[in-house]
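Residue-level structural notes
The residues making up each chain are set out below.
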Amino acid sequence: MTGTALAPQPARAAAKSRAPRGRGRLADPAVGVWLAAGAVTALGWIVVAARGGDFLTLANVVGILQNCVALGLVAVGQTAVILTGSLDLSVAYLISLGTLVAATTMEDGSVVTGVLAVLALSAAVGLANGLIVTGLKVNAFIATLGTAFILRGWIEDNYTGPAGKVPASFQHLGYDRMGPVPVSLFLLLAVTAVLWLITRRTRFGHHLYATGGDEHAARLSGVRTRRTVIAAHVLCSLCVGAAALFLASRLGAGAPWAGTEARYDLESIAAVVLGGTVLAGGRGGVVGTLGGVLVLAVLDSVFNQLGVDPFFKNVVRGVVIIAAVALYARRGARRSA
Amino acid sequence: MSTGTATDATASRTVTAATATYRSLARTLGTGAPVYALLIVLLVALAATDPGFYEPDRFLAFVKRAAPLVILAAGQYLVIVCGEFDLSVGAVVTAGVVAAAEVYGTYPDAPWALMTAGLLLAGAAAGLLNGLITTVLRVPSFITTLGMMLILEGAVFYWTGGSPQGRLPQDFRRLGRDTALGWLPWAVLACGVAGVLVVLLMRSDFGRTLVATGDSERAAHLAGVRVRRARVLAFVLSGVAAALAAVLVGGFSGVSAQAGRGYEFEAITAVVLGGVALGGGRGSVVAAMAGAFSLQALFTLLNLQGVSGALESTVQGVIVIAAVGIGAADFSRLRRRTHPPGTPPDTPQVTPPGAAPGPPAPTPPPPATPSRTPREGHPHDPQP
């Protein structure tokens, strides 16, 4: 591969030096995915308008944003883990368990204890994931798959169906709006902002990128890579806990299928990768992930408006994900050539 | 025990005779040693729980139930050992079963051999697509096959309108149900043939090429391996294996929208249980298939022990993590013990002050390769 890439290098290098800085910015996947989200929205608007519908109504836009929240929270957390070169397949079952714990705790106790219980559970699962990956040196894929199985058994053993009840006071999170904007969107934006600050503006964030880029080099430079990976897993699980709380308030009860039916595990990884974060770690960020989530939500909404068969949606989703990553791969290859 | 030539070279000078025999044994078994131990433990436990387990027909029934997973694990091994993933196998199984029923609905008299061949070809085509997207478009295989999974499942349900109907005729289901010579289930035969073929394949030039590709793509490329072709072929074979599993599963249980659900993770778990490193270049296919047998034995044992179906997955999760964890831990500790006190470890361990708690490992943590795999004795490691 390197051999073939060498030949046209001088021409490319020249072109690169001529290219203004703005083009480099544009080639950044995080920017690209937001542009893509805009393009998909425009395209959806045109297609729906041609069919005589109206895509950009306030209700529809708010609906799209509302649909972003759950996947967005999970995907933002997943970004932190993927940046370190790990990944988390246990998120779907953690969401299910989170909604159940939230609803059953809130039924007997107060909202605060429910929230704390879910966050404590999430942190514990994240800690376990991190310790298994770093301490036992089990590959993250297998480790988190194993925790997913454990959580699944726990859920199936203890809950047979929807359980608990979320008090009306907590349902404000899922249903209230400030003006036209749903409150839950602020939750997503707040979590994203916090994660953006952590990943881009703190020492720990730099350690995340360093660990994902080259763990060996990071360790030799004095980064405590194990702690970094563990902390990333805890961070991810806390985000998942937030998603579980949101879903619990939305559903009004805990449900064993809350996380698994929507396949949050694979969908969140797809959104992260769609947002330009490299699966091997070290490159990307939460802003791009949010764009990836938005693209998926807009696509969903367009298909709903057009009345496309829900199964066909999956086909298009698959094609979009593969095509997007193929595009990033081409760009990455050109840059490294 | 392929833990890097540097380690072996220095260590072999200092090992005692006792460890030497252990080493030769470990080398024959390869990285799969833990899985054979696990399999033996599980089989003994099965015998202890249920004395009738080893009656020929019951044991064959067990092997028959394991057959699809073993075949899938063999296919998955080919993909994993060259450094990739195939998450689409479960969807290929589902799609194969549903598509066969659908085609039989239109042409009820299609000969079963033609149908089976058609399915295998379709599986190969799905694998070819996976391989080409992964190698030519350079999409990570995790994403490629994830997308393929979404596409296949979506397409099959779109085609059947959400609820697969129709049924598979008896002669098509024969491969999954009937027995050859009156006692040997066809599924066991198919599993055995697939196993022998894949072992022969791994001993051929192609097999070596595949392992070399997974170990170090660049080195393999520089040595003249057509890396892309090897990978594409691995994906094609994994697709064929999945299609074969679809024929067996269709024979076992008929048409269902859930036919292949979860098989992709089970296959990967089986392969990893067999000591095959995710990321490629390590592990043997026999161990991978033993991993599949272990998984099936575990399910059977849990059933016999009366563990409630719900807790089954919990036990499975714990055992998978424990088995892989013990596998990883044992080897590093063994290597540490082979250095008598006073001998410096092979690789200088640079520990920054206050960093990296825990005892120093003899080999430094691997550089983060595109595949996030703890790979020991990597060719790029600094050599003493």
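Residues numbered from 1 in each chain as written. Chains lettered and ligands numbered in written order. Predicted model: local features only at pLDDT ≥ 70, side-chain atom pairs only at ≥ 80, totals over all residues.

1. Some details on the overall build of chain B
A count of helices and strands for chain B gives 15 helices and 2 strands. By sequence separation, contacts in chain B at least 24 residues apart represent 78% of the contacts at least 6 residues apart. (Helix = DSSP H or I, 4+ residues; strand = E, 2+ residues; numbered from the N terminus. Contact = placed C-beta atoms within 7 Å.)

2. Some remarks on the overall build of chain A
Scanning chain A from N- to C-terminus turns up 16 helices and 2 strands. In terms of C-alpha radius of gyration, chain A reaches 21 Å, essentially the compact-globule figure of 20 Å for 337 residues. Reported as C-alpha extents along the three principal axes, the dimensions of chain A are approximately 70 × 60 × 35 Å. For chain A, the residues scored as buried account for 52% of the 337 residues in total. (Rg over C-alpha atoms; globule rule 2.2 N^0.38 Å. Buried ≥ 20, exposed ≤ 12 C-beta atoms within 10 Å, placed from the backbone.)

3. Re the interface of chain A and chain B
Counting from both sides, the interface comprises 53 residues of chain A and, opposite them, 53 residues of chain B. Of all elements in the fold, only α8 (140-158), α11 (203-213), α12 (215-220), α14 (264-274) and α16 (310-336) of chain A reach the threshold of two or more residues within the side of chain A that touches chain B. A breakdown of the residues in the side of chain A that touches chain B according to their chemical character gives 29 nonpolar, 13 polar and 11 charged. (Nonpolar A, V, L, I, M, F, W, Y, C, P; charged D, E, K, R; others polar.)

4. Here's the deal with helix α10 (residues 205-215) of chain B
Within α10 of chain B the residues assigned to the buried category are T209, L210, V211, A212, T213, G214 and D215 of chain B. Of the surrounding secondary structure, the elements contacted by the buried residues of α10 of chain B are α4 (56-81), α11 (217-222) and α12 (227-253) of chain B.

5. Considerations on the UniProt feature "transmembrane region" (unreviewed entry) in chain A
Residues and elements named next belong to chain A. UniProt feature "transmembrane region" (unreviewed entry): in the numbering of this structure it lies at residues 26-49, 55-75, 87-105, 111-131, 138-155, 179-198, 229-249 and 269-299. In this annotation, residues 179-198 is assigned 80% helix and 10% strand; the end-to-end C-alpha distance for the span is 30 Å. Helix makes up 65% of residues 269-299 and strand makes up 0%, while its end C-alpha atoms are separated by 17 Å. (UniProt positions renumbered as here; feature names shortened; annotations may be inferred.)

6. Comments concerning the nonpolar core
Counting 208 residues, the largest nonpolar core has L73, C239 and A243 of chain A together with V70, A73, A74 and A288 of chain B as the members making the most contacts within it. Ranked by residue count, the leading element in this core is α12 of chain B, at 18 residues. Residues in contact with L73 of chain A, not counting those within four places in the same chain, are L188, V191, C239, A242, A243 and F246 of chain A. (Core = buried A, V, L, I, M, F, W, Y, C linked by C-beta atoms within 7 Å.)

7. Examining unusual backbone geometry
All names here are of chain A. Located in the positive-phi region is K137, a residue other than glycine, with phi close to 60°. By secondary structure assignment, the location of K137 is in the loop between α7 (111-134) and α8. In this structure, R263 is a non-glycine residue whose phi angle is positive, near 50°. Inspection of the secondary structure assignment puts R263 in the loop between α13 (225-251) and α14. R263 sits in the partly exposed class, given 14 other C-beta atoms within 10 Å.

8. A short note on the confidence of the model for chain B
All names here are of chain B. In the predicted model, chain B carries a mean pLDDT of 79, and the fraction of residues at 70 or more is 77%. The element-level mean pLDDT for chain B is lowest in helix α1 (residues 5-14), coming to 49, with helix α6 (residues 112-135) highest at 94. Note that residues 9-13 has pLDDT below 50 and, in this model, 2 contacts with residues that lie over four places away or in other chains. Note that pLDDT drops below 50 for residues 336-384; the model gives that stretch 95 contacts with residues more than four away or on any other chain. Both scores are available for the predicted complex, with the pTM at 0.81 and the ipTM at 0.82. (pLDDT = per-residue confidence, 0-100.)

9. Things to note about the environment of A125 of chain B
For A125 of chain B, the location among the structural elements is in helix α6. A C-alpha to C-alpha distance of 8.6 Å links A125 of chain B and V240 of chain B, two positions 115 residues apart in sequence.

10. Let's talk about α4 of chain B
By the largest-angle criterion, A67 of chain B marks the main kink of α4 of chain B, which is about 45°, and a proline, P68 of chain B, follows within four residues. Just downstream of α4 of chain B lies G83 of chain B, where phi reads positive at about 90°. (Bend = angle between axes of the 7 residues up to and from the residue.)

11. A look at the packing of helix α9 (residues 186-203) of chain B against helix α14 (residues 285-304) of chain B
All names here are of chain B. With their axes 10 Å apart at the nearest point, α9 and α14 run at an angle of 150° to one another. Considering the angle they form, α9 stands roughly antiparallel to α14. The residues of α14 that touch α9, namely those facing G195, V198, V199 and M202, are V285, V286 and M289. The residue makeup of the contact of α9 with α14, split by class, is 6 nonpolar, 1 polar and no charged. (Axes fitted to C-alpha atoms, helices over the stretch in contact; angles between N-to-C directions. Parallel < 35°, antiparallel > 145°, perpendicular 65-115°, else oblique.)

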